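What follows is the residue order along each chain.
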Amino acid sequence: MAKQRDETEKEERVVLMDGVLEGMPLFAKELIAGGVAGGFAKTAVAPLELIKILFQTRQAEFRSLGLSGSFTKIAKTEGALGFFRGNGASVVRIVPYAALHFMAYEEYRRWIIQSIPGVGRGPVLDLVAGSFAGGTAVLFTYPLDLVRTKLAYQVVGSQKLNVQGLATGEQFYKGIQDCFSKTYKEAGIRGLYRGVAPSLYGIFPYAGLKFYFYEKMKSHVPQERRKSIAVKLACGSVAGLLGQTFTYPLDVVRRQMQTIFQVQRLSAPSSSHEMKGTLDTLVMIVQRHGWKQLFSGLSLNYVKVVPSVAIGFTVYDLMKSYLRVPSRDEAVVEVVTSRRNSKPSSLHS
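Cut-offs and rules
Residues numbered from 1 in each chain as written. Predicted model: local features only at pLDDT ≥ 70, side-chain atom pairs only at ≥ 80, totals over all residues. Heavy atoms only, no water. UniProt positions renumbered as here; feature names shortened; annotations may be inferred. Helix = DSSP H or I, 4+ residues; strand = E, 2+ residues; numbered from the N terminus. Contact = heavy atoms within 4.5 Å. Areas by Shrake-Rupley, 256 points an atom, 1.4 Å probe, with all protein chains shown as cover. Expected span 1.5 Å × (residues − 1). Buried < 20%, exposed > 50% of the residue type's maximum accessible area, 1.4 Å probe, protein only. Arc of directions from axis to C-beta. Bend = angle between axes of the 7 residues up to and from the residue.

Naming follows an unreviewed UniProt entry, where the protein appears as Graves disease carrier protein isoform X1 of Nicotiana tabacum. As its UniProt record puts it under Sequence similarities (unreviewed entry), the protein is described as follows: "Belongs to the mitochondrial carrier (TC 2.A.29) family." Looking at the Subcellular location (unreviewed entry) heading of the UniProt record, one finds this comment for the protein: "Membrane".

So this is what it looks like as structure tokens:
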């Protein structure tokens, strides 16, 4: 009897879940799938992400130590949890960012197909939809990215920085909320969006190219093998690798613009250097460190991007399957039919 009751309860839960999934709007399923994919991928590569940011913004201190030396330094000064410092802000940012990014990509893609009769459904469509989706997601989530970078910049126990006059060993921000509050009090909304310009410059080509290469590579895979996790991982890895290579210098410029404010605040007034914009920052980096600095940490970024993008695309596709999201062509038909049925019946009376 107990076994039969357990089986009955299990069947009831399955039926309930089926009802929930059937009643859930398409865009909501895509939001959930994208958010889970982004959070899972970001946490998996958090230690490498932290080292990459430190390589970009504190070159003199960390580049001289190398990869293993940087890991050792953080482990000694902050312990294992130090590798995930700032990851809370990163996950808080990436979940809504990835959710909006994937959902907006699907929405833009459907909108283009419906609005432009006869438009091709190849990788070029994914390039355009992915670019606009990336820009949309950045505008909504950029302040969280800024906070994540500022928190990652702080390393407890640092003895030397590459900016003369900076007070060492000071924990300037206590957490996500404190960082938000102080940044807003310093410069208002503009302060929360400092560095957003190069982010937009970079995300449009990067997001578009990422989707383009992913779909392009999958198009060369036999249909019966496209559901393979190994195939998805391989396609995602190459897509992230190529997309990041073309747009990496703008990521370096963005990090520098984000961190310059806190460097100036803790520096002597005579040693502060104002950055007026994206181009000025890029020129300054090249003049001070050479053009190679624009690719600082790129090799490490490859190590991070390969698993991150691969995991992101793979988990997104798996979550769509779990949430019973229809194929893209079926989704277009479903949305069109739903919109037609939602029109007031009075129009036809």
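Next comes the rest of the write-up.
Participant: Please provide a residue-by-residue account of the overall build of the protein, values included.
Facilitator: Along the backbone of the protein there are 13 helices and zero strands. When the helices and strands of the protein are listed from N to C terminus, the series reads α-α-α-α-α-α-α-α-α-α-α-α-α. Taking contacts inside the protein between residues at least 6 apart in sequence as the whole, the part at least 24 apart equals 80%. By element, 62% of the accessible surface of the protein is carried by carbon and sulfur atoms, the whole surface being about 17800 Å².

Participant: Residues and numbers for helix H11 (residues 278-289), please.
Facilitator: With twelve residues, H11 extends 16 Å from end C-alpha to end C-alpha; this agrees with the ideal 16 Å at 1.5 Å per step. The set of residues buried in H11 consists of Thr-278, Thr-281, Met-284 and Ile-285. Taken end-on, H11 shows its buried residues confined to a sector of 125 degrees, consistent with a single buried face. Exposed residues pointing more than 90 degrees away from the buried face of H11 are listed as Leu-279 and Gln-287.

Participant: An account of helix H12 (residues 298-322) is needed here, citing residue identities and associated values.
Facilitator: Taking 1.5 Å of rise per residue, the 25 residues of H12 would be expected to cover 36 Å, and the 35 Å separating its terminal C-alpha atoms lies within 8% of that figure. The largest bend along H12 measures about 30 degrees and falls at Lys-304, with the proline Pro-307 one to four residues further on. Where H12 ends, the next residue or the one after it, Arg-324, has phi of about 60 degrees, a positive value.

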